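Overview (structure and organization)
The primary structure of each chain is shown beneath.
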Amino acid sequence: MEALTFNTVEQALLAAIGILFIIQLLYYFCLYNRIHARSRALKRSDIHFSQELQPLSVIIYAREEVENLRRNLPAVLEQDYPQFEVIVINDGNTDESEDYLTLQGEKYPNLYHSFVPDSSRYISRKKLAVTLGVKASKYDWLVFTEANCLPESNQWLRTMARNFTSRTQIVLGYSGYERGKGWLHKRVSFDNLFSAMRYLGYALAGKPYIGIGRNMAYRKELFYAQKGFSAHLNLQRGDDDLFINKATTAENTRVETDANAVVRVQPVKRAKDWREEKISYTVTAHFYKGIQRYLSGFETTSRLLFHAAWIATLVIGIMNFHWLAAGIAFLIFALRYTMQALIINKTAKDLGEKRRYFFTLPVFDVLQPIQSLRWKSHCLFRKRSDFLRR
């Protein structure tokens, strides 16, 4: 009968594991499963879409990226869409981007391009570039992406535009990484997928709070109604997440998760580049309104505590030859892992991702919150001027 009894420490740990498991269960089924649930609803034709393909302007930010433009711009210009224009705002003039864009403009009459003045001092260069693109656009609906992004198909604009209903002002899309090799790319891809499951999940739950500028759309009138980026003009970043955070509501925002609406970003080659991107978003996250940031932090904390609790119970059980306690701890971990793997991999499939996560999933599951703490610690040792406009 001793095998069926637990000491005080084991009781406390098993109770903690049970509570934390239930918390994780709620997050996965109520939030992270939203994209997959939407995919099932799409198959049942349960979602209403606009039948009218409204004219739109695609605005692309490029920072001296002539090779990216050569690789990706034709796929944007050759979209299967009745009426659209493409506006490329080039930031910098030390490469061949302007020459390339001029030549492409002769081939594609709907391509326009401009540049960010070198004298720009009172607004971040990317925000100025986006503002110039918005002011140059002819149409009310604006679709945003970047030079290093490649549409998954020639139906990208059509799939995004089917969400342009009379009540909609913002459409959030998904941007995933192209398949790459190496440990860094696997980490980056998983982090990107999981982050999308989080912020798109909140939007699908009627609580949108951010968007990513690689793949989103909003009305020009919304940009002017929000006075552009005036609310966070002092920050370098925030042209996408902070703007959407201020302008989005449950009623004016829709989400597009069809694989045809995905854009692919080239694999990250340097950890430094990824770190700088994550640190920038960590800084702007301090300015988000809404409870979503705190709910996400609570999920991250509960995840770390869950792993700490089940591992501690497993170790104590083995050391004390109490196999029942160790077995229960491992069983609950296995149940969570199974649920997690099913939801994450089904979502990855829905979004057209080629990579699946099984053996690496527990590692990334622990690494991600540790990485988040790392980005936050980096912010503490950076100068405030590093994040302000230049």
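Here, the structure is the one placed above.
Described in the following lines is the structure provided in the data block.

1. Focus: the environment of Thr 5
Residue position: Thr 5 is located in the segment before helix 1 (8-32). Residue Thr 5 is classed as partly exposed on the basis of its relative accessible area of 47%. When the C-alpha atoms of Thr 5 and His 322 are compared, they prove to be 9.3 Å apart, with 317 residues separating the residues in sequence.

2. Section: the sheet that holds strand 7 (residues 175-177)
Strand order in the open sheet formed by three strands is 5-10-7, and the pairing between neighbours is mixed. With one partner strand each, in any of the chains shown, strand 5 (149-151) and strand 7 form the two edges of the open sheet. Put simply, the sheet's adjacent strands are angled 35° from each other on average, direction ignored. Sheet topology note: the strand 5/strand 10 (residues 263-265) ladder contains three bridges and is antiparallel. Directly across from Pro 151, in strand 10, lies its bridge partner Val 263.

3. Brief notes about unusual backbone geometry
Its identity as a non-glycine residue notwithstanding, Ser 45 has a phi of 60°, on the positive side. Structurally, Ser 45 can be placed in the loop between helix 2 (34-43) and strand 1 (56-62). Judged by relative accessible area, which is 61%, Ser 45 ranks as exposed. In the Ramachandran plot, Lys 227 falls in the positive-phi region, its phi being about 55° despite a non-glycine side chain. Its place among the elements puts Lys 227 in the loop between helix 8 (220-225) and helix 9 (241-247).

4. Examining helix 12 (residues 323-350)
Its 28 residues give helix 12 an end-to-end C-alpha distance of 40 Å, which sits within 8% of 40 Å, the value for a rise of 1.5 Å per residue. Just downstream of helix 12 lies Gly 352, where phi reads positive at about 80°.

Procedures and definitions
Residues numbered from 1 in each chain as written. Predicted model: local features only at pLDDT ≥ 70, side-chain atom pairs only at ≥ 80, totals over all residues. Heavy atoms only, no water. Helix = DSSP H or I, 4+ residues; strand = E, 2+ residues; numbered from the N terminus. Buried < 20%, exposed > 50% of the residue type's maximum accessible area, 1.4 Å probe, protein only. Pairing = 2+ DSSP bridges. Axes fitted to C-alpha atoms, helices over the stretch in contact; angles between N-to-C directions. Expected span 1.5 Å × (residues − 1).

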